[in-house]
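Close look at the chain arrangement
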Amino acid sequence: MEVETQEDSTETSNAKNEKVDDQADVKANPTSSEDKAKPETAPDINSKEDTKNEQQDQQSLTEDETTQEPQRIENNGDKNNLKTKTKFDTEKVDLDPNAKDSPYKAKDKVENETATPRKRVDAEEVEADKLLKDSKTAKQGEYKNKYPLILVHGFFGGVGENRPVFYPNYWGGDKFHIKEQFEKSGYEVHEATVGTFSSNHDRATELYYYIKGGRVDYGQAHAEKYGHDRYGRTYTGVMPEWQPGQKVHLVGHSMGGQMIRLLEHYLRFGNQEEIDYQKEHGGEISPLFEGNHDNMISSMTTLGATHNGTQGSDKLGVRQFARDIINTIGKVGGNKFSTVDLGFVQWGFHQRANESYIEYSKRIKNSPLWDTKDNALTDLTAEGSEQLNQNTSLNPNIVYTSYAGEASHATLSGKHVPNIRQYPLMDLTSRIIGKDKNHQLRLNDGIVPTISALYPNGQAYKNVTDISSANEKGIWQVLPVKKDWDHMDFVGMDPTDYKRTGEELEQFYTGIVDHLMRVEESENRNLAV
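What counts and how
- Every chain begins its residue count from 1, and numbering advances along the sequence as written.
- Where totals are concerned, whole chains, interfaces and linings use all residues; where local detail is concerned, this predicted model gives features only for residues with pLDDT of at least 70, and gives and counts side-chain atom pairs only at 80 or more.
- Where side-chain values are given, they derive from all heavy atoms of the structure, hydrogens and water being excluded.
- Numbering of helices and strands runs from the N terminus; a helix is a DSSP stretch of H or I covering at least four residues, while a strand is a stretch of E covering at least two.
- Burial status follows relative accessibility: with a 1.4 Å probe on protein chains alone, a residue under 20% of its type maximum counts as buried, one over 50% as exposed, and anything between as partly exposed.
- Any two residues whose heavy atoms approach within 4.5 Å are treated as being in contact.
- Working definition of accessibility: Shrake-Rupley area with a 1.4 Å probe, residue cover restricted to the visible protein chains.
- Angles here are taken between N-to-C directions and fall from 0 to 180 degrees, while the axes themselves are lines fitted to C-alpha atoms, restricted in helices to the stretch in contact.
- Angle categories are assigned with fixed cut-offs, so that under 35 degrees is roughly parallel, over 145 is roughly antiparallel, 65 to 115 is roughly perpendicular, and the rest are oblique.
- Crossing handedness: left-handed means the near helix sits turned counterclockwise from the far one by under a right angle, and right-handed means the same turn made clockwise.
- The criterion for an aromatic pair is that two Phe, Tyr or Trp rings (for Trp, the six-membered ring) have centres within 6.5 Å, with stacked assigned to planes under 30 degrees apart, edge-to-face to planes over 60 apart and tilted to the rest.
- A ring is considered to have a charge above it if a Lys NZ or an Arg CZ atom is located within 6 Å of its centre and within 35 degrees of its normal.
- As used in this record, nonpolar core signifies buried Ala, Val, Leu, Ile, Met, Phe, Trp, Tyr and Cys residues forming a set joined through side-chain atoms within 4.5 Å.
- Multiply 1.5 Å by the residue count of a helix minus one, and that product is the helix's expected span.
- In what follows, salt bridge is the name for a side-chain nitrogen of Lys or Arg lying within 4 Å of a carboxyl oxygen of Asp or Glu.
- Counted as a polar contact is a pair of N or O atoms within 3.5 Å, where, for protein atoms, one must be capable of donating a hydrogen and the other of accepting one, and residues adjacent in sequence contribute only when both atoms are in side chains.
- You can read pLDDT as the predictor saying how much it trusts each residue, on a scale of 0 to 100.
- Strand pairing is assigned whenever DSSP identifies at least 2 bridges connecting the two strands.

1. Observations regarding the overall build of the chain
Each helix and strand counted, the chain has 18 helices and 13 strands in total. Per-residue burial for the chain yields a buried fraction of 53% across its 529 residues. A sequence separation of at least 24 residues applies to 74% of the contacts in the chain between residues at least 6 apart. Put simply, the chain shows about 25000 Å² of open surface, and 50% of that area lies on carbon and sulfur atoms.

2. Concerning helix α16 (residues 382-391)
Of all 10 residues in α16, 7 are buried, a share of seventy percent or more. Among the residues making up α16, those that are buried are A382, G384, S385, E386, L388, N389 and Q390.

3. Regarding the packing of helix α7 (residues 200-212) against helix α9 (residues 255-269)
Packing of α7 against α9 leaves a shortest axis separation of 9 Å and a crossing angle of 70 degrees. Classed by the angle they form, the pair α7 and α9 counts as roughly perpendicular. Regarding α7 and α9, the two cross each other, and that crossing is right-handed. Touching N200, H201, R203, A204, L207 and Y208 of α7 are M255, G256, Q258, M259, I260, L262, L263, Y266 and L267, all from α9.

4. Topic: the packing of aromatic side chains
Aromatic ring pairs are reported here in terms of the distance separating the ring centres and the angle at which the planes meet. The full count for this structure, using the stated rule, is 15 aromatic pairs. Relative to Y187, the ring of F182 has its centre 6.1 Å away and its plane inclined at 80 degrees; by these criteria the two rings are edge-to-face. Considering the side-chain rings of Y208 and W242, the 5.8 Å spacing of their centres and the 40 degrees angle between planes classify their relative orientation as tilted. Separated by 34 residues along the polypeptide, Y208 in helix α7 and W242 in the loop between β4 (231-235) and β5 (248-253) bring together distant segments of the chain. For W242, a relative accessible area of 2% corresponds to the buried category. Through successive ring pairs, a cluster of aromatic residues spans Y403, W485, F490, F508 and Y509. Above the plane of the ring of Y498 lies R421, whose end atom (NZ or CZ) is 5.6 Å from the centre.

5. Comments concerning the nonpolar core
Judged by nonpolar contacts, the single largest core of 47 residues is most densely connected at I150, L207, I211, W242 and L263. Of all elements in the fold, only β1 (149-152), α7, β5, α9, α11 (287-290), β6 (297-303) and β12 (476-478) reach the threshold of two or more residues within this core. Residues in contact with L207, not counting those within four places in the same chain, are I150, V152, A192, V194, M259, I260 and L263. Residues Y423, F508, Y509 and M517 belong to the second largest nonpolar core, which totals 31 residues.

6. Some words on the environment of P168
Looking at the secondary structure, you find P168 in the loop between β1 and α6 (178-184). Along the backbone, P168 and M493 are 325 residues apart, and their C-alpha atoms lie at a distance of 7.5 Å.

7. Overview of α7
Spanning 13 residues, α7 covers 18 Å between terminal C-alpha atoms, matching the ideal 18 Å at 1.5 Å per step. Extensive coverage of α7 is indicated by the burial of 12 of its 13 residues. Among the residues of α7, those classed as buried are N200, H201, D202, R203, A204, T205, E206, L207, Y208, Y209, Y210 and I211. At the exit of α7 stands G213, carrying a positive phi of roughly 95 degrees.

8. Looking at the pattern of salt bridges
Using the criterion set out here, one finds 11 salt bridges in the structure. K473 serves as the salt-bridge partner of E523, at 3.9 Å between the closest nitrogen and oxygen. Note that E523 is positioned in helix α18 (residues 502-528) and K473 in the loop between β11 (461-463) and β12, a separation of 50 residues in sequence. What makes K473 partly exposed here is its relative accessible area of 31%. Here E504 and R500 are joined by a salt bridge, their closest N and O atoms 2.6 Å apart.

9. Regarding the environment of H416
Its place among the elements puts H416 in strand β10 (residues 416-418). Spatially, the C-alpha atom of H416 lies 4.1 Å from that of G434, the residues being 18 residues apart in sequence. Within the local environment of H416, its side chain forms a polar contact with the side chain of S408, the two groups lying 3.0 Å apart.

10. Focus on the packing of α9 against α16
Relative to each other, α9 and α16 sit at 35 degrees, their axes nearing to 10 Å. Classified by chirality, the crossing of α16 by α9 is left-handed. Across the interface between the two elements, Q258, R261, L262 and H265 of α9 pack against S385, L388, N389 and N391 of α16.

11. Observations concerning the confidence of the model for the chain
With 65% of its residues at a pLDDT of 70 or more, the chain shows a mean pLDDT of 77. Ignoring residues within four places in sequence, the model shows residues 106-122, a span with pLDDT below 50, making 26 contacts including any to other chains. Counted against residues more than four places away or in other chains, residues 132-140, with its pLDDT under 50, gives 22 contacts.

12. As for the side chain of H153
The topology assignment puts H153 in the loop between β1 and α6. Judged by its relative accessible area of 0%, H153 is buried. Engagement of the side chain of H153 in a polar contact is seen with the backbone oxygen of V194, the distance being 3.2 Å. Ignoring anything within four residues of it in the chain, the contact list for H153 reads V159, Y170, W171, A192, T193, V194, G195, R203, H253 and G256.

13. Details of the sheet that holds β5
Spatially, the 7 strands line up as an open sheet ordered β2-β1-β5-β6-β7-β12-β11, and their pairing is parallel. Whereas interior strands pair on both sides, the edge strands pair on one side only; in this sheet they are β2 (189-191) and β11. Direction aside, neighbouring strands of the sheet carry axes that sit 20 degrees apart on average. In the packing of α7 onto the sheet, contacts are made with β1, β2 and β5, and the angle to β1 comes to roughly 145 degrees. Along the sheet, α9 makes contact with β1, β5, β6, β7 (399-403) and β12, crossing β5 at roughly 140 degrees.

Below, the structure written as structure tokens:
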């Protein structure tokens, strides 16, 4: 610990000299073996002056570039083909950012065009106007999208009744209110409200009932295993008719992108623990855990997802101080004067009518939550994420797309430090990730290693240069890495980054919505045939 602390201190104190170090490193090692191995098209992850970046961007717009044929790994998504290995080496990752088809080297489609920057901006504005500005507000029950769009927040995400008064707007910040703006333009959009700190199992179960409606049933086997209540809150449901053939689009940010995969697995295959328990003990079982509910999800889009975990949870989340923070937040959120539900209802985090706050605090301190693995901090580790990857598979009926960001750069020592405009509250986690023993994991968006957000380890994927070409089902279609986008830029919650504007965020989500409409059109054509 003392050595790590000293290193962090040294890196912080030398932050002002990083640009000089980087330049010196380039001059001192112009023909190093590592540099020779890198193709010329690999992205420059070193920090630059803003004006220099803008000049390079202008130059790149006029360059003709070619892209490598994307690699494709076949995976039929069959349940019988799930991996059976039981050990996971966190130092070994089968994702190679230096591969010839790496999304790190892919360029946006617009960069392959020869149009002037002004014409390119005009085209983007026309596309945004098409979806957002030329449309009238939809009448009740009449929407442009056939399938509702469900936005799923990540760890510590405050949405709806889970949102404290001081918490900013999760989906869009103050830059662009995603739900409101698309609703005004005639699209059905919902912001899911699930547990802020809950495990993937609990959050996936809550998402099911958020969409379908009803009282959350976490499962009797699960409740007995981890020591919390079987039933949770009651949702009215945004789509009570949700069933096979009646689909939704899921967009998950951070842990939300990880959790929606587990929900799909439960819908298709059920929960074997709950099935076995019900056979042995009788009683009711949630429809979610029965399985055989395919064709309920049309597409999955993940934004900075923790597909393969994050060292932030490995090295910080499992420590006592992180648990103490959640303990404190949970106590405050559950006191009798609070109207905020942070997702701890199943754990009894609610002050009882005749219970003093001191008694309530003692009870929460001794909660079984702190001694189990049924929490987000465990699921976000590399090991917890790998377990999810081993137990889930791709559905051949779903269109999968993923976005990843990078907001760090290498120093002379090879370690990564935050970019200038990275969200300040992510400085610690970014530096922890940036000095990982595995060099492939160092590039990060402040919270998640960039390579972790591309696709789940071991699942089929291919790289696409533009979302308009991401129309294949049953395979992860990885979009080019968003350079200088930190973890919060995907949802507009980084007010310190003036480069990431509301207009840019509008265009980004316009592209996603436009893509989902093409997915629906494709399905309609197939049904017509």
